[in-house]
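Here is what each chain is made of, one letter per residue.
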Amino acid sequence: MSDASQVTQSDRDEMRRNGILVTSIQEIYNWGRSHSVWPLQFGLACCAIEMIAASMAKYDIARFGSEVFRPSPRQADLLIVSGTVTKKMAPQVVRIWNLMPEPKFCIAMGACAISGGPFKQGYNVLKGIDRFLPVDLYIPGCPPRPEALLHGLIELQKRIGKEPMRTSRLSPAAGDSPAKTYVLPEFGEHDIVPPCNPAIWKAPELTGLDRT
Ligand code: SF4
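In this text, all values refer to a predicted model and were calculated from it rather than measured experimentally. (Residues numbered from 1 in each chain as written. Predicted model: local features only at pLDDT ≥ 70, side-chain atom pairs only at ≥ 80, totals over all residues. Heavy atoms only, no water.)

(A) Molecular detail of helix H6 (residues 146–161). Helix length check: H6 (16 residues) gives 23 Å between terminal C-alpha atoms against 22 Å at 1.5 Å per residue, within 8%. Turning to H6, its buried residues are Pro146, Leu149, Leu150, Gly152, Leu153, Leu156, Gln157 and Ile160. Buried residues along H6 cover an arc of 160 degrees about the axis, so they all sit on one side. If you follow the buried residues of H6, they end up packed against helix H2 (25–34), helix H3 (47–54), strand S1 (78–82), strand S2 (105–109) and strand S3 (137–139). (Helix = DSSP H or I, 4+ residues; strand = E, 2+ residues; numbered from the N terminus. Expected span 1.5 Å × (residues − 1). Buried < 20%, exposed > 50% of the residue type's maximum accessible area, 1.4 Å probe, protein only. Arc of directions from axis to C-beta. Contact = heavy atoms within 4.5 Å.)

(B) A look at the nonpolar core. Core analysis: the biggest nonpolar cluster contains 23 residues, and Leu79, Val81, Val85, Val93, Ile129 and Leu133 have the highest contact counts within it. The set of elements that each furnish at least two residues to this core consists of S1, helix H4 (90–99) and S2. Among all residues touching Val93, those that are not within four sequence positions of it are Phe42, Leu44, Leu79, Val81, Val85, Ile129 and Leu133. Of all hydrophobic cores here, the second largest spans 20 residues; its members include Ala54, Leu78, Ile107 and Leu150. (Core = buried A, V, L, I, M, F, W, Y, C linked by side-chain atoms within 4.5 Å.)

(C) The sheet that holds S2, seen in detail. Pairing within the open sheet is parallel, and its three strands lie in the order S1-S2-S3. Each edge of the open sheet is held by one strand with a lone partner, namely S1 and S3. Shown here is a sheet whose adjacent strand axes are inclined to one another by a mean of 20 degrees, direction ignored. Sheet contacts for H3: S1 and S2; angle to S1, the most-contacted strand, approximately 135 degrees. Together, S1 and S2 form the strand contacts of H4, whose direction differs from that of S1 by roughly 165 degrees. (Pairing = 2+ DSSP bridges. Axes fitted to C-alpha atoms, helices over the stretch in contact; angles between N-to-C directions.)

Structure (structure tokens):
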């Protein structure tokens, strides 16, 4: 059989009952990739405590192959943005992302990383890291529990498991024309410059304000 995807699930189950396993190189390849996602050892605020808890014995992220938190972006393929991203810190987060090798993934963990959270109106807080990075998964909460992070990781594994092996893949959330190096903002005289990466983020259209 040249393509294991042509074998129906019921056929697979039947063969498994008889001690025959059917697979493909692509499935083995993606199985290995999805179960060895290595997060960067990097946290920004209180959400990071929950991320750390997920790696402890009670939640045991090692069950999913992601216990190897790396101290270097060169050795990591998952950036978990866990905590409040201040405008002074945003350039460092993008710089770290640019240093990570492809293929790589980004999880925005918690309300602050997603939208600024309780500090959204703060003059110094970025209103969502997706203004500068291609976020693959959003995990809401303030903070999300470790179980939520594990659930997000499992969802990410499912996505990796469906990726075609031969596609030269860059970050999937970046769309059809991903950039290898993302715009690095600077903390200017009054604010962060530019305020977003226009290639990956556009201000949402406001609705319900038409008073004509
Ligand atoms: S979302 Fe809540 S728990 Fe997470 S960093 Fe922000 S304030 Fe802290």
